[in-house]
Amino acid sequence: MNAVLQTAPDAEPVLRLQNIESSYGPIKAIRGVSLQVRRGEIATVLGSNGAGKTTILKTISGIIDPRKGSVHFKGDNITAHDPAAIVRRGLSHVPEGREVFPLLSVRDNLLMGAYTRPDRDAVAKDMETVYGYFPILDERKDQDAGLLSGGQQQMLAISRALMANPELILLDEPSLGLSPRLTKEIFEIVVRINRERGTTILLVEQNANMALNASDYGYVLENGRIVMEDRCAVLREKDDIKEFYLGMKADSVRGERRWKKKKTWR
Amino acid sequence: MQFVQLLVSGIAQGCIYGLIALGFVLIYKATETVSFAQGELMMLGAFAGLVLMQVLGMPFWVAVLASIAAVAAFGVLLERVVIRPILGQPAFSIVMLTIGIGYVLRGAITMIPGFGTETHTLPVPYKDQVMQLGSLVLASEQLVVIGATLLLCAVLYVMFRYTRLGVAMQASSQNQLAAYYMGIPVQRLNGLAWGLAAAVAAIAGLLLAPITFVHANMGFIGLKAFPAAVVGGFGSLPGAIVGGLIIGVIESLSGFYLPEGFKDIAAYIVVLLMLMVKPNGLFGEKLRKKV
Amino acid sequence: QAAQGVSKDTLTVGTIQDLSGPLAGFGKQARMGMQLRVDEANEQGGVNGRKLVFKSEDSGYDPKRAVLAAQKLVNQDKIFAMVGHIGTAANVATFPVLFPKNVINFYPLTGAREMFEEPNLRLKYAFSVPYYDQARTATPRLVKEKGAKKVCTIYQDDEFGLEVMRGAEDGLKTIGMELAEKTTYKRGATDFSSQVAKMKAANCDFVVMGTVIRETIGTIGESRKTGFSPTFLGTTASYTDLIHKLGGKAMDGLYATMAVQVPYLDEASQPIRFWANKYKTKFNEDPGVFSVYGYQIMDNFIQGAQRAGANLTADSFIKAMDGMSIQPDMFGSDTLSYTATKRLGTERSRLSQIQDGRWKVVSDYFK
Amino acid sequence: MRFIFKTSYAQDIRLAKHGGHVFWYSLLCLVLIAAPFVAPEYWLAQLTFVLIYAIAGLGLMLLAGFTGQFSLGHAAFLGVGAYTQAVLTGMGWPFFLSLACGAVLSAAVGVVVGLPALRVKGIYLGIATLAFGFIVEEGFARWESVTGGNAGKSVMPPQLFGHALETTEAFYFLCLGLAVVCTLAILNLLRSSTGRAFVAIRDSEISAQSMGIHLAYYKTLSFALSAALAGIAGALYAHKMQFISPDQFNILQSIDLLLMIVIGGLGSVHGAFLGAIFLILMPQLIALGKDFLPEAIGQAPGLQAVIYGAVLITFVLFEPMGLYGRWLKIRTWLQLFPFYRKGMFKRQKSFQKSDRLK
Amino acid sequence: MSAEVLLEARNLSVRFGGLLAVNDVSFDVRRGEVFTLIGPNGAGKTTVFNLISRIYTPTSGAIDYVGPKGRLALTDQPAHQVAGLGIARTFQNIELFEHASVLHNLLIGRHTQRETGLWADMLFTPRTRAAEIRAREKAEEVIDFLDLQHYRDTLVAGLPYGVRKVVEMARALCTEPQLLLLDEPSSGLNVEETDDMAFWIQDIRDELGITVLMVEHDMSLVSRVSDRVLAMNQGQVLAMGTPHEVQTHSGVVEAYLGTIDDVSNLRRPEGSAAALEVRA
Ligand SMILES: Nc1ncnc2c1ncn2[C@@H]1O[C@H](COP(=O)(O)OP(=O)(O)OP(=O)(O)O)[C@@H](O)[C@H]1O
Ligand SMILES: Nc1ncnc2c1ncn2[C@@H]1O[C@H](COP(=O)(O)OP(=O)(O)OP(=O)(O)O)[C@@H](O)[C@H]1O
Ligand SMILES: [Mg+2]
Ligand SMILES: [Mg+2]
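Residues numbered from 1 in each chain as written. Chains lettered and ligands numbered in written order. Predicted model: local features only at pLDDT ≥ 70, side-chain atom pairs only at ≥ 80, totals over all residues. Heavy atoms only, no water.

- For chain E, an unreviewed UniProt entry supplies the name ABC transporter ATP-binding protein and the organism Melaminivora suipulveris.

- With an unreviewed UniProt entry as reference, chain A is termed ABC transporter ATP-binding protein, source organism Melaminivora suipulveris.
- Per its UniProt entry, chain A bears the Sequence similarities (unreviewed entry) comment "Belongs to the ABC transporter superfamily." (UniProt positions renumbered as here; feature names shortened; annotations may be inferred.)

A word on the interface of chain B and chain C
- Contact residues are listed per partner, giving 31 residues for chain B and 29 residues for chain C.
- Approximately 2500 Å² of surface area, both sides summed, lies buried where chain B meets chain C, with 53% of it carried by carbon and sulfur atoms.
- Contact with chain C buries area across many residues of chain B, yet Glu260, Lys263 and Asp264 of chain B alone supply 21% of it, more than any other trio.
- Here chain B and chain C share one salt bridge between them.
- Measuring nitrogen to oxygen at the nearest pair gives 3.4 Å for the salt bridge that ties Lys263 of chain B to Asp191 of chain C.
- For the interface between chain B and chain C, the tally reads seven residue pairs in polar contact (both at pLDDT 80 or more).
- Of all elements in the fold, only α1 (2-31), β2 (136-139), α10 (237-257) and α11 (262-277) of chain B reach the threshold of two or more residues within the side of chain B that touches chain C.
- Tallied by class, residues from the side of chain B that touches chain C come to 10 nonpolar, 16 polar and five charged. (Contact = heavy atoms within 4.5 Å. Buried area = accessible area lost by both parts, 1.4 Å probe. Salt bridge = Lys/Arg side-chain N within 4 Å of Asp/Glu carboxyl O. Polar contact = N/O pair within 3.5 Å; in protein donor to acceptor, adjacent residues only side chain to side chain. Helix = DSSP H or I, 4+ residues; strand = E, 2+ residues; numbered from the N terminus. Nonpolar A, V, L, I, M, F, W, Y, C, P; charged D, E, K, R; others polar.)

Let's talk about the arrangement of the chains
- No other pair among the eight pairs of chains in contact exceeds the contact count of chains B and D.
- You won't find any contact between chain A and chain C; their C-alpha atoms come no closer than 38 Å.
- What separates chain C from chain E at the closest point of their C-alpha atoms is a distance of 32 Å, and the two make no contact.

Section: the state of the cysteines
- Taken as a whole, this structure holds one disulfide over all chains when the rule is applied.
- Residue Cys152 of chain C pairs covalently with Cys204 of chain C via a disulfide, S to S 1.4 Å. Here the residue Cys152 of chain C occupies a position in strand β6 (residues 151-156), and Cys204 of chain C occupies one in the loop between α6 (193-201) and β8 (206-210), the gap between them amounting to 52 residues. Of the two residues, Cys152 of chain C and Cys204 of chain C, both sit in the buried class.
- Cys175 of chain D takes part in no disulfide bond, and the closest cysteine sulfur to it belongs to Cys182 of chain D, at a distance of 10 Å.
- The class for Cys175 of chain D is buried, based on a relative accessible area of 0%.
- The class of Cys182 of chain D is buried, set by a relative accessible area of 7%. (Disulfide = S-S within 2.5 Å. Buried < 20%, exposed > 50% of the residue type's maximum accessible area, 1.4 Å probe, protein only.)

Some details on the coordination of the magnesium ion (ligand 3)
Residues and elements named next belong to chain A.
- For the magnesium ion (ligand 3), the full set of protein donor atoms is Thr54 (OG1) and Glu96 (OE), at a range of 1.8 to 2.0 Å. Of this pair, Thr54 sits in helix α2 (residues 53-60) while Glu96 sits in the loop between β6 (91-94) and α4 (106-113), and the two are 42 residues apart along the sequence.
- Since its relative accessible area comes to 24%, Glu96 is described here as partly exposed. (Donors = N, O, S within 2.8 Å, 3.2 Å for Na, K, Ca; no water.)

Structural notes on the site of ligand 1
- Residues in close proximity to ligand 1 total 19 residues, the closest being Asn49, Thr54, Thr55 and Glu96 of chain A together with Gly158 of chain E.
- In this structure, ligand 1 is bordered by residues of chains A and E.
- Interatomic distance of 2.4 Å between a side-chain N/O atom of Thr55 of chain A and an oxygen atom of ligand 1.
- At a separation of 2.6 Å, an oxygen atom of ligand 1 approaches a polar side-chain atom of Glu96 of chain A.
- Burial of ligand 1 by the protein chains amounts to 83% of its free accessible area of 630 Å².
- Within the residue set of the shell around ligand 1, elements represented by two or more residues are β2 (27-37) and α2 of chain A together with α6 (161-174) of chain E. (Near = heavy atom within 4 Å. Areas by Shrake-Rupley, 256 points an atom, 1.4 Å probe, with all protein chains shown as cover.)

Concerning the domain arrangement of chain E
All names here are of chain E.
- The domain boundaries assigned to chain E delineate domain 1 (1-86 + 177-260) and domain 2 (99-175).
- One C-alpha centre belongs to domain 1, the other to domain 2; they are set 26 Å apart.
- In this complex, domain 1 contributes 18 residues to the contact, which on the side of domain 2 involves 12 residues.
- Interface area for domain 1 against domain 2, summed over the two sides, is near 1200 Å², with a carbon-plus-sulfur share of 78%.
- The interface formed by domain 1 and domain 2 holds three residue pairs in polar contact (both at pLDDT 80 or more) in total.
- Contributions of two or more residues to the side of domain 1 that touches domain 2 are made by β7 (179-183) and α7 (191-206).
- Grouping the amino acids of the side of domain 1 that touches domain 2 by side-chain chemistry returns 11 nonpolar, three polar and four charged. (Domains from an automatic or database assignment.)

Some details on the UniProt feature "domain: ABC transporter" (unreviewed entry) in chain A
- Look at the UniProt record and you will see "domain: ABC transporter" (unreviewed entry) annotated at residues 15-248 of chain A.
- Note that residues 15-248 of chain A is 39% helix and 26% strand, and that its end C-alpha atoms are spaced 32 Å apart.

Digging into the site of ligand 2
- Among the 23 residues in the neighbourhood of ligand 2, the closest are listed as Arg140 and Gly151 of chain A together with Thr46, Thr47 and Gln92 of chain E.
- Taken together, the residues near ligand 2 originate from chains A, B and E.
- Measuring from an oxygen atom of ligand 2, one finds a side-chain N or O atom of His217 of chain E at 3.1 Å.
- Here ligand 2 has 630 Å² of accessible area as a free molecule, and 95% of this is covered by the chains.
- For the shell around ligand 2, the elements supplying multiple residues, two or more each, are α7 (150-163) of chain A together with β2 (19-30) and α1 (45-52) of chain E.
- Here the shell around ligand 2 is built from residues that sort into seven nonpolar, 12 polar and four charged.

Focus on the sheet that holds strand β3 (residues 42-47) of chain A
All names here are of chain A.
- Reading across from one edge, β6-β7-β8-β3-β9-β10 is the order of the six strands in this open sheet, with mixed pairing throughout. Edge positions in the open sheet fall to β6 and β10 (225-231), since each of these has one partner strand only. Across the sheet, the mean angle separating the axes of adjacent strands is 15 degrees when strand polarity is ignored.
- Pairing of β6 with strand β7 (residues 168-172), which is carried by four bridges, proceeds in the parallel orientation. Its bridge partner lying in β7, Val94 is registered against Leu171.
- Each of β6 and β7 touches α7; the most contacted strand, β6, lies at about 180 degrees to it. (Pairing = 2+ DSSP bridges. Axes fitted to C-alpha atoms, helices over the stretch in contact; angles between N-to-C directions.)

Structural notes on the packing of aromatic side chains
- What the rule picks out here adds up to 49 aromatic pairs over all chains.
- Both rings, one in Tyr268 of chain B and one in Phe134 of chain D, keep their centres 4.2 Å apart while their planes meet at 15 degrees; by these two values the pair is stacked. Of this pair, Tyr268 of chain B sits in helix α11 while Phe134 of chain D sits in helix α6 (residues 122-142), placing the two residues on different chains. You'll find Tyr268 of chain B and Phe134 of chain D in the same group, each marked buried.
- Grouping aromatic residues by their ring pairs yields a cluster made of Phe26, Phe80, Phe106, Tyr107, Tyr125, Phe127, Phe290, Tyr293, Phe301, Phe317 and Tyr338 of chain C.
- Here the guanidinium or amino end of Arg113 of chain C rests over the ring plane of Tyr132 of chain C, the centre of that ring lying 4.4 Å away.
- Here the basic side chain of Arg191 of chain D rests over the ring of Phe124 of chain E, its NZ or CZ set 3.6 Å away from the ring centre. (Phe/Tyr/Trp six-rings, centres within 6.5 Å; stacked < 30°, edge-to-face > 60°. Lys NZ or Arg CZ within 6 Å of the ring centre and 35° of its normal.)

Brief notes about the coordination of the magnesium ion (ligand 4)
Residues and elements named next belong to chain E.
- Binding of the magnesium ion (ligand 4) to the protein goes through Thr46 (OG1) and Gln92 (OE1), at separations of 1.9 to 2.2 Å. Here the residue Thr46 occupies a position in helix α1, and Gln92 occupies one in the loop between β6 (87-89) and α3 (102-109), the gap between them amounting to 46 residues.
- By relative accessible area, which is 5% here, Gln92 ends up buried.

Topic: helix α5 (residues 140-162) of chain B
- Given a rise of 1.5 Å per residue, 23 residues ought to cover 33 Å, and the 33 Å separating the end C-alpha atoms of α5 of chain B matches this to within 8%.
- Within the span of α5 of chain B, buried status applies to Ser140, Glu141, Gln142, Val145, Ile146, Thr149, Leu152, Cys153, Leu156, Met159 and Phe160 of chain B.
- If you follow the buried residues of α5 of chain B, they end up packed against α1, β2, α6 (164-174), α8 (186-212) and α10 of chain B together with α7 (213-225) of chain C. (Expected span 1.5 Å × (residues − 1).)

A word on the pattern of salt bridges
Residues and elements named next belong to chain C.
- According to the stated counting rule, one finds 63 salt bridges over all chains in the structure shown.
- Between Arg166 and Glu163 there is a salt bridge; the shortest N-O distance is 2.9 Å. Taken as a pair, Arg166 and Glu163 lie in helix α5 (residues 159-173) at a separation of three residues, close to a single helical turn.

Some details on the interface of chain D and chain B
- Each partner contributes to the interface: chain D provides 50 residues, whereas chain B provides 58 residues.
- In total, about 4900 Å² of surface goes out of reach between chain D and chain B, with carbon and sulfur atoms giving 73% of it.
- Here chain D is connected to chain B by zero salt bridges.
- Where chain D touches chain B, the interface holds two residue pairs in polar contact (both at pLDDT 80 or more).
- Those elements giving two or more residues to the side of chain D that touches chain B turn out to be α6, α12 (251-264) and α15 (303-318) of chain D.

Some details on the pairing of β2 of chain E
- In the sheet, strand β1 (residues 5-16) of chain E pairs with β2 of chain E via eight bridges, with the strands oriented antiparallel. Counted as the bridge partner of Phe16 of chain E is Leu19 of chain E from β2 of chain E.

In structure tokens, the structure reads:
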């Protein structure tokens, strides 16, 4: 793990967090998190509830100011910058819990996604593209976003981030509340965007199976600390990951005896 | 004829309410707060015009433009200094803040020796001209108010409905967090909104000055504009005008046909009735949270 | 036993003015008028060797704040007398604070009858003729003079306005007439179209105005605009230079009852001119009629205190006041005199009219 | 930092959570009881006003701070209480009977005002209450036969069991007693299911409803209780002022009341008292302080308004939790003393969300 | 499983403007079962919940419910009475009282069981005291049941998403319902937590004897705990039956589940991955 930080990669990673520590009032949510996402890659952060995944993403996009540490995006230090300024540098965030503009129409929501982009034609084209991804949004484009169903709002939130045509997308649980079929489609879209446009992606997802398959590199977060990181191909084979995140276990054992096995990281 | 004259007077007065209500609605749409300092900004606008014309001796039009610009700049400054630090706090905090701002502005104006406590007139070129339509009369001051109100309403409407800026303002009022995520410069837009609202207030102040005179307490007319905004639906610009007209006309008619005392509370009775019948005003959206 | 507020070399008096509310302009003038007289007295060695200490508080025309202010003045600053306190409700509200402590309410700036009527008559001195009496005496006089047929009134919807209306009503009764139309507005109103329409519809040719400044101007302005031109009669409430300064040409012809006159800086009378310029130099502001009130109030108080002699107590002050008659001053005030049961200095007022943008006294004192 | 280990449910319910509370509140009671014997009359009168305003503040706190319904016309309830008291004691009714009538009448008016609250929220409710306040004020002015109209009405000293309560001290004790009773009643409410229902409505109407809370009933109840408290305060106010007139219950009074609970600290019972102390003390401090200022500023009209506004702005900017919030911080700081960390009370960035949807 | 019907929806429809969000849906929920609604996003599942909890009123159709006082038409009940009839729910987007502690949230859940009125509360009579203690006992039971001890005094605003889901369920349980409506209980939970959720749902049914009606997208959870499943699409009933039957229904697979189950196709082809292998 240390070796990773020492061997200078061929190029500066798109996103680099160093020793980040963030807290909510007196409660520390993440403690000394370092991670990096390299250009063109999909990285994922796994972790149980309250591990601090959302906090990491919020710290990156400037919603929370970290107590310690630094965030570098494309080589520039963006620690504690104004969130809007960070977005304008080409980083877009799909927040946890959708956060649409409830009283704006679906179309205006999408337009707001492209707020930072000046070229109207390209925006119009991208709008068609996302309507292609999610035809329901096209059907409902004049409806107030607040009246969409949960899953439809999630589609809108993702599409809105895509409208910014960013270099790096932070995705916080994109599959939340989506049907199984759409979950798969979402991941296909994510992978496609990554492959076709070369967009770098940092993904937080409870559906570890999907995440580990779609991503190149993964971090495991526990109680605000990164306890494991590796290429996803490797992670997928680890026993702990299999048991705790992929749900592959001897059903009979856990099913009958309801005790929880202690996690044995490190 | 009597009735028509009353109607016309009511419309003229209603436009005044509508004009002030526009400022409320503007702030509300863009920041989802209610500014109780709007009346005081109006007063400031009138005083600015007065100083520029009488003390500095500027020509009328220059003074008008300069004072609008000055008050708008003051609005931006106000946002920068006192609103921005608490941006994101519950809207109610900002409401209290505007009450505080109102107090300070009113007090500060009265503190200016020999000037602030006095009542003044604003010398406007169209003063004391009367338009005669048969036996109907309409003062030029009122005509100007009507024209300006309609124009301003149209401009603001187009801005909020069709421009990216306007939509972004609404977006940041509905969900600040998401607006930040979209790269909308929420703080800058907020500053802009306060600047705009201050400019609208200044315009209202300058237009009102020939009718109500310039004095430290002229902002209290805002208390009548609140009902206007509510009757129209607080988030709607045309609503502000319609609400203002309704209140103005009802006031004027009730002053003539109803027993004494009704004219003064007509606005409030109308607003209560309206809230019972249509809780969101005439043009307000019917809002319901979807769970 | 020494009275409160009186020490070997000081005499403390207090006033409560509206310095931030609707009458802030007047409150400030009154305070400066008093201050001017206090300074003059102190320059001349004070009152019987005691320097005057003058405390002023702000009530914002709000009775509650007036009470708090009175409590401070009476219980904390220990004033000897409350002088020139502005506002009817504010005055009445402070009585329970003043009188148990034997503090005199001297010349309140309000024309309400409570200021010189029982209870606690002993501690009340008033100098302004009640609005009721102003309207009652002036209305029939001027109506007869103008040969008016129909008298209407527009008045502020509060105690002040009501007093004017009642006065006009009772005054008209004496000449066998009555009010043809009554119409009101609320303080702070800016639109008088329906009121004027109402009076116009009643064909009035004489309007008694229970209005203050902006409303006076607003009403007359609206009337001129709609071609309604009766005789307008106001009270001391509308007797200020602001009327013609703000209202301009349209205000010409307005009558108002008054006592002391507006101190124009270029006044023909030399002493007034001198006084006005002194005031202007001191405060860097033009004096108004309220400056004169303030000056007169403090002047009369000093006269009384002077006469009460070295042993100044409420009793000695009252004795002194009740035994003297205060002569007219340079502003043309009426002779004021008090007895144990008559605590209003005079019941007489006179009429003034705006001519060519300036108030001109047009009658002698009458009652 | 004090850690409390709870060993029984009763402990969780108790009002005084630990020995320290018992000690400090007993001390406070002692001081308040001793006050008439040591404080000068002037300050005692101020203290009485503080108690009266605190009672009104408790009511508004219940409504605005705990139920989340803002009222811009609260002075109307104060007025209803005051006029009822003035009229009834004027007719020779005993103090407590007329007080009860005032409270009930005020509550009834509160129910009427609460009706629009069932359908409107936020700014709409604010304007509805504002409008109501204006109408009630107009009513006071117009109903001359009862209220004496704009001329105002003087108020008799309270009659308690056949004795007239004329001294400042006696009236102070009366107010103190009532304030204590009202405070206890509110505290009791807040720790029981009714109070929880209020707080639930404040946080989320839709889930309150799905928990079986009858929104209409509780909102109306909150308005009624709040108005009743304001009515009681109004009655005491009437006695203390001995003279009431319609313009004492105008919009400015309503704003003062609101200001009081905001500065005191929204959502805390302490806040009502701290706010009342502030509201009464502030003008006095300004009056005392202006003698030390240069003439041009100290004697300028409008100074008070400027200071008033500036203090309000300062509070909202730097201490949105009001005086009570400030006190909590100071207390924590003292308790932690050497271990206090700097960023501890640093305000998080926070983000406003439309409350049009609630 | 007893066949007694607890809730019966007949020909429910609701229209929002031009949109038929629920179109002629009928189903019945039997006492003691876990009944699951599935369907693509926007199918109208949450809307059905909102109809049952009376947030919406159906355009046509009826809902019958067998409450403590016998069978009644739910559509005649005002919204706030629904909880009192023994129907509790959770929300898809979580609607907790953010500024209150977890315990406080649960105590609010006890509202329908309150025993004292305004005056008793104001005087805090011994009865109120006893009732308060009982409410706390019950809340503690639920806290134990759902393993929330750790969070008892934490403000909800500071809880992670997953815990909030559990707190919301706890609050619903505090009302001591007959019928529990769970809107996507496992969304936002990881596999392990979903596993716990499955156990809880089973315990709620078996130990507490509460009937569960839920909306859920996680098919493994659905098949583990549900007795019957109703699949909806575009407001209409698509299929109904045991979890297995529904999952293999071709329409459901087409509209909802999707055909491919293997997700390894998402992986980056080996060759192109090489460029990113510098780290190792
Ligand atoms: N607003 C807040 N105030 C206080 N504490 C908070 C706040 N938000 C989060 N926390 C705490 O910070 C920690 C990390 O929370 P975070 O939301 O980042 O977790 P997460 O990994 O995203 O969890 P989930 O999978 O549930 O979304 C949690 O322990 C939580 O209690
Ligand atoms: N109040 C409303 N006004 C207008 N349309 C609505 C309203 N409520 C729901 N809808 C629409 O009804 C449809 C069904 O919504 P519903 O929330 O029931 O979906 P759902 O099945 O719960 O989907 P998801 O799985 O995404 O939560 C959606 O298309 C939604 O846009
Ligand atoms: Mg999260
Ligand atoms: Mg749903």
